[in-house]
Amino acid sequence: MLPFCSFSRVLGEVAEHRCNVLARKSGAARLARNQAGPSMNDIELFYGPNAGYALELYEAFLRDPESVDAQSRATFEEWRSRGVTPPGASVPSPDCSSVAATEIDVTRIVSAARVTRLIRVLGHRAAHIDPLGSVPPGDNDLELATHGLNMQDLASLPANVVNGPLSIGAANALEAIGRLRRAYSGSVGYEDGHMQSDEERQWFRDAVESRRFFADFTSSQKRHVLELLTKVDTFEQFLDKTYVKVKRFSVEGVDMVVPICDNIIREAAASGTREVVMGMAHRGRLNVLANIFQKPYAWILKGFEEAAHGDKSKTPSKANRGYSGDVKYHLGFQHEFSEIPGRTMPISLAPNPSHLEFVNPVVMGRARAAQERRDVGKVPQRDVQASLCILIHGDAAFPGQGIVAETLNMGQLTGYGVGGTIHIILNNQIGFTTDPYEGRSTLYASDLAKGYEIPIVHVNADDAEACIAVARMAFAYRERFHKDFLIDLVGYRRYGHNEGDEPALTQPKMYEIIRTHPRVREVWAKQLESECVVTRDEAEAMVADVNTTLTNARKEAATGNGAQPHVIPKEGQLDSRELATGVSEKRLKALNEGLLHAPPDFTVNPKLATRELSRRREAFDTPNGVVWGHAEALAFASILEDGTAIRLSGQDSERGTFGHRNAVLHDPITGAKYCSLQAMPNSKASFDVFNSPLSEGGVLGFEYGYSMHATDTLVLWEAQFGDFVNSAQVIVDQFISSGNAKWQQTPSLTLLLPHGYEGQGPEHSSARLERFLQLCADDNMRVVNCTTAAQYFHLLRRQVALMHVKPRPLIVMTPKSLLRLPEAASDVSELVSGRFHPVIGDAAAQDRKEEITRAVFCTGKVYMDLVRSEAYAQNRAVAVIRVEELYPFPEREIEEALSAFINLNEVVWLQEEPQNMGAWTHMQTRMQRSFGSKIEMRYVGRAAAASPAVGSGIIHANEQARIISEALESAPAPTLKRSKAEYVR
């Protein structure tokens, strides 16, 4: 027997559940717990999960009132006075058999309630979600025998034991549980047990059991689905017969993804959504382009014609320089959806590389940018209804690629959320040739999403009606809670990974079934014929019409008339070298005052007030008083005042990894936050700064996507240390460096990558400058390594000026030790009358230019190490020239820097990175062209190495001293060999 604690707690839980049900049905707010008391209506809820305990407690009261607590006793006394007896309860008698019968009845009720709960939680394990007919995994907890029940037992219990919409009208518990099993274990499996929110779980279960998303599926809507499936299926079969063995990554087996997306887009348009952005890999992409985005068939077929017969009409052209294009199943497209009367809504599919899921954060960034207004000052005004993000995944890639987890994690973060993404897994039950048990450690491909409390629905891809219901449910959930929703569309892959593969070599049993498995269009057409929605002749006519359209499109593509127009965007002719970016001193002082202002009730941290902020206040009266962080703040403030919004994110970017920015202040007393850049009095645009999650690939992809959409915004991503950008190498390689060449995308995304050798080891020294320079070609981006605060100030303002005439990604090797170094600080006058200089000559050497015989070129922080050395101060024959912009290559500026030194006979490239890293290999041949063959250029720096830096501060200091000394020696430096000490760890 259970310990008899107060019955009031149980009664309260029962009453609250009752109130919640009533509130959901009526649309009223949730009723307070204290509004519900014991009543005749509450007794029926004793058939729920508390039934066993409640009945046992009540019968104990009947046998011995003193055995229960006073509150419960008072409640039961009141019931007895009105002649009320809870269902299932019996009055005790001296006959022991009667007592035993009562206990058995109570046990049955408790067991039935337990089965009901487990069906709701585990019913998906018995769902028939595989169209190929595999047996569901099942679960013993779903079996009646596990709980000591049989069908006769359930038939003897009332339907209210089940509770919920499906118990209404049922004759008994057996019938109600049967309905429940069909709902949770039919062709759809529902998972919500991992969701922590009671409100969301209740919504989810009410949606499942009310079946409201299955309702109102009209004949015209069913016919529309058949028309879509006909287009999908006929298009794939046409390609299969016309272009034999040509890659297309067919959608066949998960055809319903097209009607699912169509339904979601229609719901979005009807609800007032202003834009839909989608991302997906190559599986089914051509069909989605054709039948969702209405990309003309002729444009798509042109790619097949080229693959099959070649295209001799294409010849190299200067106008096409820098444009390579991409394969047909990687390209994106944009379309104006106008099928809702009185409305048009842009829908776009982002281009993607073969790296499958890496497009996910890019699409999220675009969706976020579409939701924000940035021309309002302070912070952006955001409307999550402005855009909808849809991501289509692969079943092997979803659990296999870490970028998916990074993307899911951003879903509810302040700086990255998009008000809920609808995810669709195209579940082929195979990855190339890899079976699920070889590719993941979980039962479902979708299990990763459980960690982010995302509701998951598995649906049989052959059940068209269920697929549409699930699509409706996904959109409704997103609208209600502004959170992610995942549809696991379980189907198959009719052919191999691509159409040239033979899948039966590796999955013979599966493909033996697939060969004879009917197409989903056939299944749906037969169902609609049986429902008299269409006739067989009408269904066949639909196929004929699509085939005719495709045949005509092929003729058009073959002649070349239907080719997609290729337009090289026109760009401004602005010469960035002459671009003035200075700001008047009067304006800078006003901006500085705004930056130093804090509300009267806000306490600035004393350490910051006396250290950083006081220095910024005195900078205008101090020679070379503007340090790096201060220059950045002034640049940001001036950009905002000019009307350009700014978004900055990265790990610890609010403060700055090195405490140099402090864009967000924290009140040490109240914990309140304050950002002066969001309170500038004359700002005409918004400023946002976020500390990102500990992610490089996901966040950089997000910011790339944001910058693609928000072309009027300065978008910056800052690495905690530049070394960690290699965790986002796919985004750098496949999007940032080549997006313009492949897809004609030219974002102005700016990367801030701390770089410099200070003896902090191999993971805190190098932003891999060499990798960015290796990717530079066709004027695809800008790579800069600044040495002064003023240079950085002008660089930021120049990037904004170029956004509207020649947008390009900007890669900045930002400093660490130079952030507060006096020699790297700048005078206010340099911000007033100046511009960014791609090359900075040696001004001091002009007074002794005839004595100069050696020019030392370098970039970044090593310049400061060189000019601060005693050897440099004593050497009158050496001029040191800084290359601040490495790409585009500043040939003219380098020639000008050398022109004054008529007795020059030696040129050195100095770098602190190893010889196989840094800028050496990029600069060597280019610089050699600048000063001809008369002077040979030689290298000074660390020897080639596998690791970017040593792990010992002592070894680092010795190496640094050596390369500085060699750069200033008059004799050629000896061949560099690594000493034994360098190998010691």
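Relevant structure appears above.
These numbers come from a predicted model, not from an experiment.

Scoring rules and cut-offs
- Residues numbered from 1 in each chain as written.
- Predicted model: local features only at pLDDT ≥ 70, side-chain atom pairs only at ≥ 80, totals over all residues.
- Heavy atoms only, no water.
- Helix = DSSP H or I, 4+ residues; strand = E, 2+ residues; numbered from the N terminus.
- Expected span 1.5 Å × (residues − 1).
- Bend = angle between axes of the 7 residues up to and from the residue.
- Buried < 20%, exposed > 50% of the residue type's maximum accessible area, 1.4 Å probe, protein only.
- Contact = heavy atoms within 4.5 Å.
- Polar contact = N/O pair within 3.5 Å; in protein donor to acceptor, adjacent residues only side chain to side chain.
- Phe/Tyr/Trp six-rings, centres within 6.5 Å; stacked < 30°, edge-to-face > 60°.
- Lys NZ or Arg CZ within 6 Å of the ring centre and 35° of its normal.
- Pairing = 2+ DSSP bridges.
- Core = buried A, V, L, I, M, F, W, Y, C linked by side-chain atoms within 4.5 Å.
- Arc of directions from axis to C-beta.
- Axes fitted to C-alpha atoms, helices over the stretch in contact; angles between N-to-C directions.

1. Some points on helix 22 (residues 606-618)
In this model, helix 22 (13 residues) spans 17 Å end to end at C-alpha, consistent with the 18 Å of a helix rising 1.5 Å per residue. At Glu-612, helix 22 shows its maximal bend, which comes to roughly 30°. Listed in full, the buried residues belonging to helix 22 are Leu-608, Glu-612, Leu-613 and Arg-616. Taken together, the buried residues of helix 22 touch helix 21 (585-596), helix 23 (628-642) and strand 12 (665-666). Put simply, Asn-605 is the residue that caps the front of helix 22, since its side-chain oxygen is 2.9 Å from the backbone nitrogen of Lys-607.

2. Quick word on the packing of aromatic side chains
Applying the stated criterion across every chain yields a total of 23 aromatic pairs. Plain terms: the ring middles of Tyr-184 and Tyr-190 are 6.0 Å apart, the flat faces sit at 80° to each other, and that makes the pair edge-to-face. Like Tyr-184, the residue Tyr-190 is buried in the burial classification. Joined through ring pairs, the aromatic side chains of Trp-203, Phe-213, Tyr-477, Phe-481 and Phe-485 make up one cluster. Its end group placed over the ring of Phe-304, Lys-328 keeps NZ or CZ at 4.6 Å from the ring centre. Of note, Arg-647 hangs over the ring of Tyr-706, and the distance from its end group to the ring centre comes to 4.8 Å.

3. With respect to the pairing of strand 18 (residues 810-814)
The buried count for strand 18 comes to five of five residues, which makes it a mostly enclosed element. Neither face of strand 18 is left uncovered, since the one carrying Leu-810, Val-812 and Thr-814 and the one carrying Ile-811 and Met-813 both have all their residues buried. Where strand 17 (residues 782-784) and strand 18 come together, three bridges link them in parallel fashion. The partner of Arg-782 across the bridge, within strand 18, is Leu-810.

4. Focus on the nonpolar core
Counting 110 residues, the largest nonpolar core has Met-278, Ile-424, Met-473 and Leu-489 as the members making the most contacts within it. When residues no more than four places from it in sequence are discounted, the contact partners of Met-473 are Tyr-190, Trp-203, Phe-204, Ala-207, Val-208, Phe-213, Val-457 and Phe-485. Within the second largest apolar cluster, 80 residues are counted, among which are Phe-358, Val-363, Ala-369 and Leu-751.

5. Focus: helix 18 (residues 508-516)
By the burial criterion, the buried members of helix 18 are Met-510, Tyr-511 and Ile-514. Taken end-on, helix 18 shows its buried residues confined to a sector of 85°, consistent with a single buried face. Away from the buried face of helix 18 by more than 90 degrees, exposed residues Lys-509, Arg-515 and Thr-516 are located.

6. Details of the environment of Ile-424
Relative to the helices and strands, Ile-424 is located in strand 8 (residues 421-427). Once residues lying within four places of it in the same chain are set aside, the contact partners of Ile-424 are Val-257, Ile-260, Cys-261, Ile-264, Ile-390, Leu-391, Ile-392, His-393, Ile-487 and Leu-489.

7. So, the side chain of Asn-785
Within the element layout of this structure, Asn-785 appears in the loop between strand 17 and helix 28 (789-803). Given the relative accessible area of 4%, Asn-785 is considered buried. Looking at Asn-785, its side chain comes within polar contact range of the side chain of Thr-859, at 3.3 Å. Sequence-distant contacts of Asn-785, defined by excluding residues within four places in its chain, comprise Met-813, Thr-859, Gly-860, Val-883, Glu-884 and Leu-886.

8. Quick word on the sheet that holds strand 21 (residues 878-883)
Strand order in the open sheet formed by five strands is 19-21-20-23-24, and the pairing between neighbours is mixed. With one partner strand each, in any of the chains shown, strand 19 (839-840) and strand 24 (937-942) form the two edges of the open sheet. Bridge count between strand 20 (residues 854-858) and strand 23 (residues 906-914): four bridges; the pairing is parallel. For Val-856, the partnering residue across the bridge sits in strand 23 and is Val-908. Across the face of the sheet, helix 34 (residues 953-968) comes into contact with strand 20, strand 21, strand 23 and strand 24 while running at roughly 165° to strand 24.

9. What about the sheet that holds strand 22 (residues 885-887)?
Judged by pairing direction, the sheet is mixed, and its seven strands sit side by side in the order 14-11-15-16-18-17-22 without closing on themselves. Lying at the two open borders of the sheet, with one neighbouring strand each, are strand 14 (687-691) and strand 22. Taken pair by pair, the neighbouring strands of this sheet meet at an average axis angle of 20°, ignoring direction. Pairing analysis gives six bridges linking strand 11 (residues 645-650) to strand 15 (residues 713-718), with the strands arranged parallel. Bridged to Arg-647 within strand 15 is Val-715. Relative to the sheet, helix 23 contacts strand 11, strand 14, strand 15 and strand 16 (750-754), its axis offset from that of strand 11 by approximately 140°.

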